[in-house]
Amino acid sequence: MDDVERISRCISAVNSAVDHAHGELMRSQEYYWFFYYATPECNGILISDVFPIPDGATVQAVGAAVDHLVRQHEALRTKYPLGPHGRPVQQVLDPYRASILTWEDRTGEGVNEVTALLTRRPIDPAVDCPIRFGLVIADGVPKWLVLAFSHLTLDAGSCHILREEFRTRISRPESPEQATRRQPLAQAAAEKTDKQERHHAAVMKYWNKCFTDMPNMTFPAYRKERTAIGREEGSTAFTAATLRYPGISAAAESVAKEYRVSGSAVFLAAYAIVLSMVSGQRSFASYITSSNRFDPAVSDSIGCFFQSSMVIMDLPPEETVGESLRKSYRAILMSMRNGRYSFWRAREEMARKADERGVMLRVGAHYNYVVLPESETDDQAADSPVEETNGSALTWEDDVDWEDYDTDVYFRVHPTDDDIFLLAHDLVLKRHEIESILRSIVEVITLLADSPTSADTDLATLKARLDISSHSLPAGWQFIDNSWINVSELADVLRSIPHVDAASVSLVTNESGELEAHLAATDPTIDPRYLRLHLLGLLPSRPNIMVPHRFLVYDAMSSAEAARSGNGRGIADDMPESPEEQLLCATIELFNPEIVRSVSRSYVLCGGSAGVTPAIVGELGRKGYAGIVPDDLLSPSPISAVAAKLRRIAGA
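Residues numbered from 1 in each chain as written. Predicted model: local features only at pLDDT ≥ 70, side-chain atom pairs only at ≥ 80, totals over all residues. Heavy atoms only, no water.

Participant: It is not clear to me how the sheet that holds strand 21 (residues 550–555) should be interpreted in this structure. Could you clarify?
Facilitator: Sheets are built from strands that pair by backbone hydrogen bonding, the pairs being arranged parallel or antiparallel. Spatial strand order, 19-20-21-22: four strands in an open sheet with mixed pairing. Only two strands of the sheet have a single neighbouring strand rather than two, namely strand 19 (500–507) and strand 22 (564–566). Taken over all neighbouring pairs, the strand axes of this sheet differ in orientation by 10° on average, direction set aside. Summarising the sheet, strand 19 and strand 20 (residues 515–521) pair through seven bridges and their orientation is antiparallel. Looking across to strand 20, one finds that V505 is bridged to A517. Across the sheet, helix 14 (residues 487–495) touches strand 19 and strand 20, and the angle it forms with strand 19 is around 155°. Sitting on the sheet, helix 15 (residues 528–538) touches strand 20, strand 21 and strand 22, and the angle it makes with strand 21 is about 125°. (Pairing = 2+ DSSP bridges. Helix = DSSP H or I, 4+ residues; strand = E, 2+ residues; numbered from the N terminus. Axes fitted to C-alpha atoms, helices over the stretch in contact; angles between N-to-C directions. Contact = heavy atoms within 4.5 Å.)

Here it is in structure tokens:
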């Protein structure tokens, strides 16, 4: 009997479902939609989970329990089409009987076989139901329920809640249904009340400060090249390592108890200290995950409430380890307090701050302190060689297929075991550096646990003890505005401008530490405004430079004082002229009717919304143009520079 004949969908059939209700996304869903569902080339990631079937359960009982879950939880029957305004919406279907793929396990690999079948075809969020079910049967007895779903629909907390509810329903099918929790559609509406909008305005002030204080990137001199569809070249070129170090979780908990902080803060402090030392950045900036279930109204709801917030920590060399530990704890608390936010508004704030600072902003670092449900297994390094060293085990995985192209380095801790996991892009960290970071994190924590006086050690002394080598930068780099900037590259860029005969860049040693550019030019139209717009347009491709705080332009034919000087911020709204500029502006206005028409400002400074940028790119594609992605519109580049990237699609 072949595979097709062994597949049965006899438990229940999908009835024709009609639209029940629709509304905006929850704020927590904006991030996942933007990165994983916003472009046709990448219509989402599928996550799977496995529920054990209680002994004695029948196939019919499993089907009834699954139908109960679908009936009770709107998230399991929600689609996410684009609305007429260009933003995705939640579209909830009326309850329906779920289709379950049943599979007779004849190889002992039934769970893997069903998972492969359920995930073989991506879920189109606009068309498909967001979850698929499979049932593994062995010797006529149901053994496992396999789920495959989009991250827009469920987070890890939801899976744990669903599993317990499924088990209860199987055991007591006649038990009364639980009181209705707040569903994602209602949560989205609750987030738009006047009270919540005022709170969100305060949250955005936190994000503004993060974008003000963070370095322009964690690893200076690092750049991944973007591919045609907007992802990064080599986005799967990641190496990961898992270090199992017996007793490290207990050591972290003892430190947490001693210093009255959380276990998460202990690991974050060690990660921040070590990564700051390796990258050479005094400031540590990282995304940090949060379940966002602190509100009792959604604490046991089913949906995607998980979000990444941000922590910023300044780690001067004279600071003690104990001070860094307490700073880490405060940073986590602030991050959690400001962790429920609109990702789209945060991206707009980031673009505004990038324009103000004259740099490209990229975080790149991630931290995840998570307790996984028992059924979730970590198979990332299952078949890799293990190196045994002093009772610890280091497991490697090469060429990791990592979905999030914005990741440079990702650190994950399972506090219920003694594993710590680090993943890094191959252009950021080498294999020996990954191992050094993991072992240094362990050393920091064990040092705090074993020696009460170690908290008084300053970070400079600790670095020498850990024997950490910082990434070195060649001559020509300067530390400006909390960022390492390649001043030599900036000078070369200025000299490459037509009709510029000479250019130099210097750091003025005043309180502000301002960067000045001196140029000699034969063309009188080369003024500070022109220079600023030109550099802003280059930032996405040259993220190691910055726009100088002041330009002084001299007449190349004389040695008199500067003929033109200033910061170039005086914006004159230039109207679109080229066909590409006219096309881009017209397309932008389809989804932003109130936008300021100008090609000399960035999309965000013109009043453009981050939430509709994928729709803009999609509409351009339908008109036969490619070459830009949503990130181009959400950069500090003026619209004229973005329009210059548009290219006709062959055959269009």
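Once you've had a look at it, read on.
Participant: Just checking my understanding: could you explain the pattern of salt bridges for this structure?
Facilitator: Within this structure, the stated rule accounts for 35 salt bridges. We note a salt bridge from D398 to R431, for which the minimum N-O separation is 3.0 Å. With D398 in strand 14 (residues 392–400) and R431 in helix 12 (residues 431–450), this residue pair connects regions lying 33 residues apart in the sequence. On the accessibility criterion, R431 (36% relative accessible area) is partly exposed. Connected through salt bridges with shared partners, the residues E24, E191 and K192 form a single ionic network. (Salt bridge = Lys/Arg side-chain N within 4 Å of Asp/Glu carboxyl O. Buried < 20%, exposed > 50% of the residue type's maximum accessible area, 1.4 Å probe, protein only.)

Participant: How do you make sense of the packing of helix 9 (residues 263–279) against helix 10 (residues 321–337) when you look at a structure like this?
Facilitator: The relative placement of two packed helices comes down to the angle between their axes together with the axis-to-axis distance. Two numbers describe how helix 9 lies on helix 10: the axes approach to 8 Å, and their chain directions differ by 120°. Our pair here, helix 9 against helix 10, has a crossing hand that is right-handed. In this structure, helix 9 contributes S264, A265, V266, L268, A269 and I273 to the contact, and helix 10 contributes V321, S324, L325, S328, Y329 and I332. Residue composition of the contact of helix 9 with helix 10, grouped by class: nine nonpolar, three polar and no charged. (Left-handed = near helix turned anticlockwise from the far one by under 90°. Nonpolar A, V, L, I, M, F, W, Y, C, P; charged D, E, K, R; others polar.)

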